[in-house]
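# Reading the structure
Each chain is listed here by its residues.
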Protein chains: 2
Amino acid sequence: MFDALWAALADPHRRAIVALLLERPRSVGEIAQACGLSQPGTSKHLKVLREAGLVRVRQDAQRRVHALDPAPMAALDAWLAPYRKLWTESLDALGRRLDERTDTHGTRAPKD
Amino acid sequence: MFDALWAALADPHRRAIVALLLERPRSVGEIAQACGLSQPGTSKHLKVLREAGLVRVRQDAQRRVHALDPAPMAALDAWLAPYRKLWTESLDALGRRLDERTDTHGTRAPKD
DNA sequence: ACCCAATATGCCTCTGTAGTTATATGCCTG
DNA sequence: CAGGCATATAACTACAGAGGCATATTGGGT
């Protein structure tokens, strides 16, 4: 299921759909128009998102209103966690180095 | 480049490589063996990761030691940010509901 | 019951890509 | 400078996925 999540979000159109649903739930037609996709194409993308658990459907007459379910993204966040530590360290280190450069005068770089 | 990042991480083998490089930099051969991949396959995956900016190479004699560069993942994190807010809200709401259920014992939580 | 609107599904094509084998390149060592 | 490693690249095969079209399906209104 984790693989399905990554695969679902790997497609730019599907990320666009997800971003669209971040604002509010929408019908298939709305999504298709907003993303410049055909209706069948949109349906297929939504199916992938549904199977990844990222989207839920509510039936309203003939409309199928799709709403975002952000829960699976917590898994992405968890996956990202170990790396987050690293890149914040890098940024911190960079910041410190820049601070030192302005504070004292640089380790290697001549002041001028 | 953002697309390349998603595409790179969409592949399970490449995520495995990235996770492997989280521990320490490794040569192509090491990676291939650890992931059960062929040498050419590994090279190709590493190329994708390199072009996504996730990996950097240091040449050591014949070895090419690849190291993780977690910086691009910050972009993933930024992308995830708006959704993170949502799912924490959901979890909070769930927590509150459970609390109310134990606190009072009403099914419908008639607290207010 | 019929018809219309909204959506899903099947089929086809095409591109992209993962995997494999074989070969080329680069770099050290004797 | 010849030989052996480690890695990259090329050529090929196979298959998954995205897009487009036509059509089936579902629900509602009259």
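The preceding data block contains the structure.
To keep things clear, this report deals only with the structure shown in the data block. (Residues numbered from 1 in each chain as written. Chains lettered and ligands numbered in written order. Predicted model: local features only at pLDDT ≥ 70, side-chain atom pairs only at ≥ 80, totals over all residues. Heavy atoms only, no water.)

## Focus on the sheet that holds strand E3 (residues 63-68) of chain A
All names here are of chain A. Spelled out, the test is: Only strands that DSSP links by at least two bridges are regarded as paired with each other. Each helix is a run of DSSP H or I of at least 4 residues and each strand a run of E of at least 2, with the numbering of both proceeding from the N terminus. For this analysis, residues touch if any pair of their heavy atoms sits within 4.5 Å. Axis angles are defined between N-to-C directions and span 0 to 180 degrees, where every axis is a line fitted to C-alpha atoms and, for a helix, only to the segment in contact.
Taken together, three strands build an open sheet; the order of strands is E1-E3-E2 and the sheet is antiparallel. In this open sheet, the two strands that pair with only one neighbour each are strand E1 (26-27) and strand E2 (55-60). Contacts from helix H2 (residues 12-23) reach E1, E2 and E3, with the element oriented near 90° to E3.

## Section: the interface of chain B and chain A
Test applied: Note on definitions: buried area is the accessible-area loss of two parts on being combined, 1.4 Å probe, summed for both. Within this document, salt bridges are pairs made up of a side-chain nitrogen of Lys or Arg and a carboxyl oxygen of Asp or Glu, the two lying within 4 Å of each other. Each polar contact in these results corresponds to two N or O atoms within 3.5 Å; when the atoms are within protein, one needs to be able to donate a hydrogen and the other to accept it, and residues that are neighboring in sequence are counted only if both atoms are side-chain atoms. When residue character is reported, Ala, Val, Leu, Ile, Met, Phe, Trp, Tyr, Cys and Pro are called nonpolar, Asp, Glu, Lys and Arg charged, and the others, Gly included, polar.
Each partner contributes to the interface: chain B provides 24 residues, whereas chain A provides 24 residues. Buried area between chain B and chain A, both sides added, is near 2200 Å², and the carbon and sulfur share of it is 77%. Contact with chain A buries area across many residues of chain B, yet B:Trp6, B:Arg15 and B:Tyr83 alone supply 27% of it, more than any other trio. Note that B:Asp77 and A:Arg84 form a salt bridge whose closest N and O atoms lie 2.7 Å from each other. Inspection of the region where chain B meets chain A yields six residue pairs in polar contact (both at pLDDT 80 or more). If you list the elements that add at least two residues to the side of chain B that touches chain A, you get helix H1 (2-10), helix H2 (12-23) and helix H5 (73-103) of chain B. Here the residues of the side of chain B that touches chain A sort into 20 nonpolar, no polar and four charged.

## Remarks on the environment of A:Pro70
Locating A:Pro70 in the fold gives a position in the loop between E3 and helix H5 (73-103). For the pair A:Pro70 and A:Val55, spaced 15 residues apart in sequence, the C-alpha separation works out to 7.9 Å. Setting aside residues no more than four positions away along its own chain, A:Pro70 makes contact with B:Tyr83, B:Leu86 and B:Trp87.

## Side note on the pairing of E3(A)
Across a regular strand the side chains alternate sides, sitting on one face of the sheet and then on the other. Residue and element names in this part refer to chain A. Pairing of E1 with E3, which is carried by two bridges, proceeds in the antiparallel orientation. Its bridge partner being in E3, Arg26 is matched across the sheet by His66. Across six bridges, the pairing between E2 and E3 is antiparallel. Residue pairing across strands places Arg56 opposite Ala67, the latter belonging to E3. Linking E2 back to E3 in an antiparallel pair, the connection comprises two residues, with Ala61 at a positive phi of about 55°.

## A look at the packing of H2(B) against helix H3 (residues 28-35) of chain B
Residue and element names in this part refer to chain B. Stated formally: By the definition adopted for this analysis, an angle is roughly parallel if under 35 degrees, roughly antiparallel if over 145, roughly perpendicular if from 65 to 115, and oblique otherwise. Should the near helix be turned anticlockwise from the far one by less than a right angle, the crossing is left-handed, and should it be turned clockwise, the crossing is right-handed.
Remark: H2 packs on H3, axes separated minimally by 10 Å, with the N-to-C direction vectors making an angle of 120°. On the basis of their axis angle, the class for H2 and H3 is oblique. In the crossing of H2 with H3, the sense of the turn from one axis to the other is right-handed. When H2 is examined against H3, the residues Ala16, Ile17, Leu20 and Leu21 are found in contact with a partner set consisting of Ile31, Ala34 and Cys35.

## Let's talk about H3(B)
All names here are of chain B. Using the following cut-off: Exposure is judged per residue with a 1.4 Å probe applied to protein chains only, and the accessible area is read against the type maximum: over 50% gives exposed, under 20% gives buried, and values in between give partly exposed. Regarding the arc, it is the one traced by the directions from the helix axis to the C-beta atoms.
Of the residues making up H3, those classed as buried are Val28, Ile31, Ala32 and Cys35. Taken down its axis, H3 places every buried residue within 100° of arc, on the same side. Each element contacted by the buried residues of H3 is listed here: H2, strand E1 (26-27), helix H4 (39-51) and strand E3 (63-68). One or two positions beyond H3, positive phi appears at Gly36, with a value near 65°.

## So, unusual backbone geometry
Not every positive phi belongs to a glycine, and A:Ala61 is a case in point at roughly 55°. Structurally, the position occupied by A:Ala61 is in the loop between E2 and E3.

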